[in-house]
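Listed here are the chains, written in short residue letters.
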Amino acid sequence: MIELKNIKKSFGDKTILHDISAVMEAGKCNLIIGASGSGKTVLTKCMVGLFKPDQGEILYNNANMLQMTDDERKQLRQQIGMLFQGSALFDSMTVEQNVMFPLNMFSNLSYKERKKRASEVLDRVNLKEAHHKYPAEISGGMKKRVGIARAIVLNPKYLFCDEPNSGLDPQTSMLIDKLIKEITAEYDITTIVVTHDMNSVMEIGDHIMYMHEGKKQWEGSNQDIIFSKNELLNNFIFASEFLQDAKQMRMMQENGDVPKEEIKK
Ligand SMILES: Nc1ncnc2c1ncn2[C@@H]1O[C@H](COP(=O)(O)OP(=O)(O)OP(=O)(O)O)[C@@H](O)[C@H]1O
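Criteria and thresholds
- Residues numbered from 1 in each chain as written.
- Predicted model: local features only at pLDDT ≥ 70, side-chain atom pairs only at ≥ 80, totals over all residues.
- Heavy atoms only, no water.
- Helix = DSSP H or I, 4+ residues; strand = E, 2+ residues; numbered from the N terminus.
- Rg over C-alpha atoms; globule rule 2.2 N^0.38 Å.
- Buried < 20%, exposed > 50% of the residue type's maximum accessible area, 1.4 Å probe, protein only.
- Contact = heavy atoms within 4.5 Å.
- Areas by Shrake-Rupley, 256 points an atom, 1.4 Å probe, with all protein chains shown as cover.
- Pairing = 2+ DSSP bridges.
- Axes fitted to C-alpha atoms, helices over the stretch in contact; angles between N-to-C directions.
- UniProt positions renumbered as here; feature names shortened; annotations may be inferred.

Asker: What should I look at first to understand the overall build of the chain in this one?
Answerer: Regarding its fold elements, the chain presents nine helices and ten strands. For the chain, the C-alpha radius of gyration of 20 Å lies close to 18 Å, the compact-globule estimate for 265 residues. Its C-alpha atoms put the chain at 60 × 45 × 30 Å along the principal axes. The proportion of buried residues among the 265 residues of the chain is 49%. Looking at the chain alone, contacts between residues at least 24 apart form 64% of all its contacts between residues at least 6 apart. Approximately 13,400 Å² of the chain is accessible, and the part contributed by carbon and sulfur atoms is 49%.

Asker: Would you mind going over the sheet that holds strand β10 (residues 215-220) with me for this structure?
Answerer: Judged by pairing direction, the sheet is mixed, and its six strands sit side by side in the order β6-β7-β8-β3-β9-β10 without closing on themselves. Bordering the open sheet on either side are β6 (80-83) and β10, each of which pairs with just one other strand. This sheet shows a mean twist of 20° between the axes of neighbouring strands, independent of strand direction. In this sheet, strand β8 (residues 190-194) lies alongside strand β3 (residues 29-34) in parallel orientation, the contact comprising four bridges.

Asker: Quick question: what am I supposed to make of the sheet that holds strand β5 (residues 63-64) here?
Answerer: Whenever strands of a sheet pair, they do so through backbone hydrogen bonds, lying parallel or antiparallel. With respect to topology, four strands assemble into an open sheet ordered β2-β1-β4-β5, the strand pairing being antiparallel. Edge positions in the open sheet fall to β2 (14-24) and β5, since each of these has one partner strand only. Of the strand pairs in this sheet, strand β1 (residues 2-11) and β2 are connected by seven bridges, and their pairing is antiparallel. Looking at the pairing, Ile7 lines up with Ile20 of β2. Its contacts with the sheet place helix α1 (residues 40-47) against β1, β2 and β4 (55-60), and it is angled at close to 120° to β1.

Asker: How should I be thinking about the UniProt feature "domain: ABC transporter" (unreviewed entry) in the chain in this particular structure?
Answerer: Under the present numbering, the feature "domain: ABC transporter" (unreviewed entry) in UniProt falls on residues 2-238. Between the end C-alpha atoms of residues 2-238 there is a gap of 29 Å, over a span that is 36% helix and 26% strand.

Asker: What exactly am I supposed to notice about the environment of Asn126 here?
Answerer: One can find Asn126 in the loop between α4 (111-124) and α5 (140-152). With relative accessibility at 57%, the residue Asn126 sits in the exposed group. Taking the C-alpha atoms as reference, Asn126 lies 9.1 Å from Met142; in sequence the two are 16 residues apart.

Okay, here's the thing in C-alpha cells:
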C-alpha cells in the first residue's frame, strides 16, 4: 500500500499539487485520471522519488520515503517496476536482453539464473517466441508486453504504468489492461496506472483518483464512478460515449429503460 499525505509541490511560484492525500491499495489497480496538465505525472514522479514534494508524506507500507536514507531509498527503488509511455526499450538490445537488463544491474544472480528468470516473465506475458527479436521487429502491443516483463522481472511490490495504452488499438489495449490486472492480483502488487483511457477505467479501475488542476477531486471504484455527483468528474468522464453507454446500461438494469439525455444529469 502507498499512502500520500498532504502532498504539495510548486515549480517557482506555480503550485502544481495542492495538498493531495490518497491511498493506493495493495493488490489492486489504482488509476490516476485527469485532463492534460492536471498534475498526474508530477504526482507519480513524486511517488517514485524523481521529484521531491515541498510538503507531505509518501508512505510505502508505513515507511516515509521522504525520510529514508539513500540506502533505504535505493532498496525501495528496487521494489518499484515501471512501464514507461512508449515502452522505452533499448533498440540495440534483443527482447531478452531488455528484460535481463534490470537483473544485470540489480541482482546477484548468475547468467544462467538471469536468463531463466527473463524467460519466465517473457512466458508470463505470452512472448515465448520473441526472445531474440529486436524492438524494431515487433508490434507496439508486443513492445508493451516486453515493457511489462522488464517491469516485473525483479518481482516488484509496486508497479507504475504511464499511459499503458497510448498508441495501441482498442483490442490490444484491452489485452494489455487484462495483463496488468492479472499480474497485479497474481503477484499482489500495488499498481498505479496513469491513464486517459475510459475503457481502462471501467475494466481495471479497482480504485480511481480523479485530479483537476492539481487537486484530488474524487476517488472511488469503477462501480461508483458513473454515479458520481461531482460535476467536474462528470464533465471529464462523460466526454466518453463509452461511459454514457455503460451508465445507461446500468440504469436500465436497475430502473428499466432510461433515455440517453437523462444520463448526464
Ligand atoms: N519540471 C517541471 N518544471 C516546471 N513545471 C512543470 C514541470 N513538470 C511539469 N510541470 C507543470 O506541471 C503541470 C502538470 O503537469 P503534468 O505533466 O503533471 O500533467 P499531466 O496531468 O501528467 O498531463 P498529461 O496528461 O498531458 O501527461 C503542468 O502545468 C506542467 O507544465
